[in-house]
Amino acid sequence: MYNTEHDHNNTFLSKLSAIRFAHRLYVIIAVFLLTTAASQANAHLAKTAGMSPSTLKKIVKKVVKIESTTGSYHARNRKSGAYGRYQIMPKTARAYAKKLHIPYSKWKRPRNQDRIFEAIMADNIRSLKRNGLKVNAFSIYGTHQQGAGGFNAIMKKKKLSKNLERNLRHNLPKRLSRVPRSRLKLAWVNYWKRKFA
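Keep in mind that what you see is a predicted model, and the values were worked out from it rather than measured.

Parameters at a glance
Residues numbered from 1 in each chain as written. Predicted model: local features only at pLDDT ≥ 70, side-chain atom pairs only at ≥ 80, totals over all residues. Heavy atoms only, no water. Helix = DSSP H or I, 4+ residues; strand = E, 2+ residues; numbered from the N terminus. Buried < 20%, exposed > 50% of the residue type's maximum accessible area, 1.4 Å probe, protein only. Contact = heavy atoms within 4.5 Å. Axes fitted to C-alpha atoms, helices over the stretch in contact; angles between N-to-C directions. Parallel < 35°, antiparallel > 145°, perpendicular 65-115°, else oblique. Left-handed = near helix turned anticlockwise from the far one by under 90°. Nonpolar A, V, L, I, M, F, W, Y, C, P; charged D, E, K, R; others polar. Phe/Tyr/Trp six-rings, centres within 6.5 Å; stacked < 30°, edge-to-face > 60°.

(A) Focus on the overall build of the protein. Scanning the protein for helices and strands turns up eight helices and zero strands. Secondary structure of the protein in N-to-C order comes out as α-α-α-α-α-α-α-α. Per-residue burial for the protein yields a buried fraction of 36% across its 197 residues. A separation threshold of at least 6 residues defines the contact pool for the protein, and within that pool the share at least 24 residues apart is 41%.

As structure tokens, this is what we get:
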């Protein structure tokens, strides 16, 4: 006797297996394309910075360790409002999300955080070169922490604004954060240069 129900079940299972296979294949291809794109972006950025991709990768790893400690994409600084793996400020995230055509409501997704950080870093590296400042681990982190304008003001020995003074003090250990204003920039530079030596 011919079993149509059994045949129907086999057809359904075959279709289900095909759908699952297609989905897995899609995920593998998507991951491959994203990894390749990220790798190409890293290589291009490293070339702009005048260093090898592996050196830039080590710098980014150190930036992440300082910013979010664990590298979590969900790390949150309750005081400043900075968020994610790279501790990006919401105002900065909004500007770069617009620039990269990422809906602001989706900027916290891991891949979008990576894209925003890469764009920030690219702009910072260009700013360093434009201002005649050396591109290295210290300057890449310094511009990430203080912004390109803030870092340029520090390194070009420009007058400290109240906002920049506050940021410098906030990004130093307690023992150094109380130094007189006249020695503050030097204290900040020496501290972070040692960290990124």
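(B) Examining the packing of helix α6 (residues 162–170) against helix α8 (residues 181–195) more closely. Where α6 contacts α8, the two axes come as close as 10 Å, and the packing angle between them is 55°. Relative to α8, the element α6 lies oblique. Of the two elements, α6 crosses α8, and the hand of that crossing is left-handed. On the side of α6, the interface is formed by Lys162, Glu165, Leu168 and Arg169, while α8 contributes Arg181, Leu184, Lys185 and Trp188. Counted by class, the contact of α6 with α8 contains three nonpolar, no polar and five charged residues.

(C) Looking closely at the packing of aromatic side chains. Counted under the stated rule, the structure contains eight aromatic pairs. Taking the centre distance of 4.1 Å and the plane angle of 5° together, the rings of Tyr86 and Phe117 count as stacked. One end of the pair, Tyr86, is in the loop between α2 (53–68) and α3 (90–99); the other, Phe117, is in helix α4 (residues 110–130), and 31 residues separate them in sequence. According to the relative accessible area criterion, Tyr86 is buried, its value standing at 5%. The exposure class of Phe117 is buried, given its relative accessible area of 4%. Taking the centre distance of 4.9 Å and the plane angle of 45° together, the rings of Tyr141 and Trp192 count as tilted. Residue Tyr141 is found in helix α5 (residues 137–155), and its partner Trp192 is found in helix α8; the two are separated by 51 residues along the sequence. For the residue pair Tyr141 and Trp192, the accessibility class agrees, reading buried in each case.

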